[in-house]
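Notes for the structure review
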Amino acid sequence: MALVHLERLQHNVRLLKAKLAAGVQMMATVKADGYGHGALEVSKAALSAGADRLGVATVEEAVALRQSGITAPVLVYGALPEQAAIAVLDYDIAVTVTGINDIRILADAAKRQRHSVRVHVKLDTGMGRLGIRSADEMLTVLSHISAYPLIELEGIFTHLSSADEMHHADGRVYSEMQRRRFIEWVHVAKRAGYHVPIAHIANSAALLWGPEYHFDMVRPGIAMYGFHPAPAWNQDVDLQPVLELRTSITRIARMQAGEAVSYGRTYVTEKEEVIATVPVGYGDGIPRALTNRGYVEVNGAIAPIVGTICMDQLMINVTGFDAKVGDQVVIYSQLIESKASIQSHADLLDTIPYELLCRITSRVPRQHIL
Ligand SMILES: *Cc1c(COP(=O)(O)O)cnc(C)c1O
């Protein structure tokens, strides 16, 4: 069971919002089912705590929010698939445009549906992923937009590749280069007579780095969910992890020395040991790579994962714990410094908390607590 503490999410939203100057908007990033927390519940909680808009990756994610009754402005960050244009209009979803082909697709759909559409022009200032790559190309796209009264330019934005590396000189210099290029291109647009209501660049790391990255709007994701996007430099912010993965022990086995645990016998007891079985596995999103490496919390103490992690179960060593069947096991602890935290496991696996959160599968029930 994943407990999703929405009051902590709201605390994080307020804390981030407090860093913004008056008039700077916050777009809560709720893609990938709200980083595994449940997009609908997260959206409602974030909006009620002061977020102004929502950001998702795909049109399907945006439509799902609309169908659940969300009326706040929603922007799709990703590229626009041609077949999604009608849904974008019908559900009043703002989209990212990266070239004149997008304008043609939207113009056709807008004429057919007799409905206007709001667009944000994406610039590639150095991420190398998506967007327009020169000021000239941007001007061409802007002139196409202005040729269609049903297409409304709402924003211009870009995405930073290295905002979480601001503690290194090269990460700082690179982010600064992207920021300067962004400012320059937005100026080019404005000098050419285009009205740019919302310029935006900041993910969580850039939001926390400083106001020079805030522009008209920020788009935090991971920080809202309680993780420090750049653990190397922004630990002083009181972000609270929102998700906690809990289960309970289903079996206790007192094993003799030399007994094997799980597939492939990758763990063999060295002495008399107490091995507990826990009903979660890689089918729930616990990386199998944590086999004989990860940790959980049992009754407030740290127990190592022993033996190969199975699809539906894993085993832990609770020798000396006085643990019994039914005792609670915390798989992903809320305590940041715990060896059982998502951050610790992400560090162990050379990945980031984002990935471990997104991996929690749909069969894990989410219980939202407010
Ligand atoms: C995912 C994403 C964000 C949020 O990033 P965090 O690092 O989680 O704050 C912001 N903007 C875009 C375009 C994104 O894709």
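Above this note sits the structure.
Here's what I pulled together on the structure shown here. A quick note: this is a predicted structure, and the numbers were derived from the prediction, not measured. (Residues numbered from 1 in each chain as written. Predicted model: local features only at pLDDT ≥ 70, side-chain atom pairs only at ≥ 80, totals over all residues. Heavy atoms only, no water.)

1. Overview of the site of the ligand
Around the ligand sit 13 residues, and of these Lys31, Tyr35, Ser204, Ile222 and Tyr354 come closest. One of the side-chain nitrogen or oxygen atoms of lysine 31 is found 2.6 Å away from an oxygen atom of the ligand. The separation between an oxygen atom of the ligand and a polar main-chain atom of glycine 221 is 2.9 Å. (Near = heavy atom within 4 Å. Polar contact = N/O pair within 3.5 Å; in protein donor to acceptor, adjacent residues only side chain to side chain.)

2. Topic: the sheet that holds strand β8 (residues 198-202)
For sheets, the rule is that strands pair by backbone hydrogen bonds, running either parallel or antiparallel. Strand order in the closed barrel made by the eight strands is β2-β3-β4-β5-β6-β7-β8-β9, with parallel pairing throughout. Two elements, strand β6 (residues 117-123) and strand β7 (residues 151-158), share seven bridges in a ladder whose sense is parallel. Across the sheet, valine 117 pairs through a bridge with isoleucine 151, a residue of β7. (Pairing = 2+ DSSP bridges. Helix = DSSP H or I, 4+ residues; strand = E, 2+ residues; numbered from the N terminus.)

3. Thoughts on unusual backbone geometry
Backbone geometry follows two general trends: most residues other than glycine have a negative phi, and most peptide bonds adopt the trans configuration. Positive phi values are uncommon outside glycine, yet aspartate 92 reaches one of about 55°. Position of aspartate 92 relative to the elements: it lies in the loop between α5 (85-90) and β5 (94-97). A positive phi angle, near 50°, is found at asparagine 299, a position not held by glycine. Take asparagine 299: its relative accessible area is 48%, and that puts it in the partly exposed class. (Buried < 20%, exposed > 50% of the residue type's maximum accessible area, 1.4 Å probe, protein only.)

4. Here we look at the pattern of salt bridges
Within the structure shown, the criterion is met by 14 salt bridges. Arginine 8 serves as the salt-bridge partner of glutamate 7, at 4.0 Å between the closest nitrogen and oxygen. What makes glutamate 7 partly exposed here is its relative accessible area of 35%. Judged by its relative accessible area of 22%, arginine 8 falls in the partly exposed class. Close ionic contact of arginine 133 with aspartate 124 constitutes a salt bridge, the shortest N to O distance being 3.5 Å. Its relative accessible area of 60% is what places arginine 133 among the exposed residues. Connected through salt bridges with shared partners, the residues Arg53, Asp92, Arg118 and Glu154 form a single ionic network. (Salt bridge = Lys/Arg side-chain N within 4 Å of Asp/Glu carboxyl O.)

The analysis is restricted to geometry; functional conclusions fall outside its scope.
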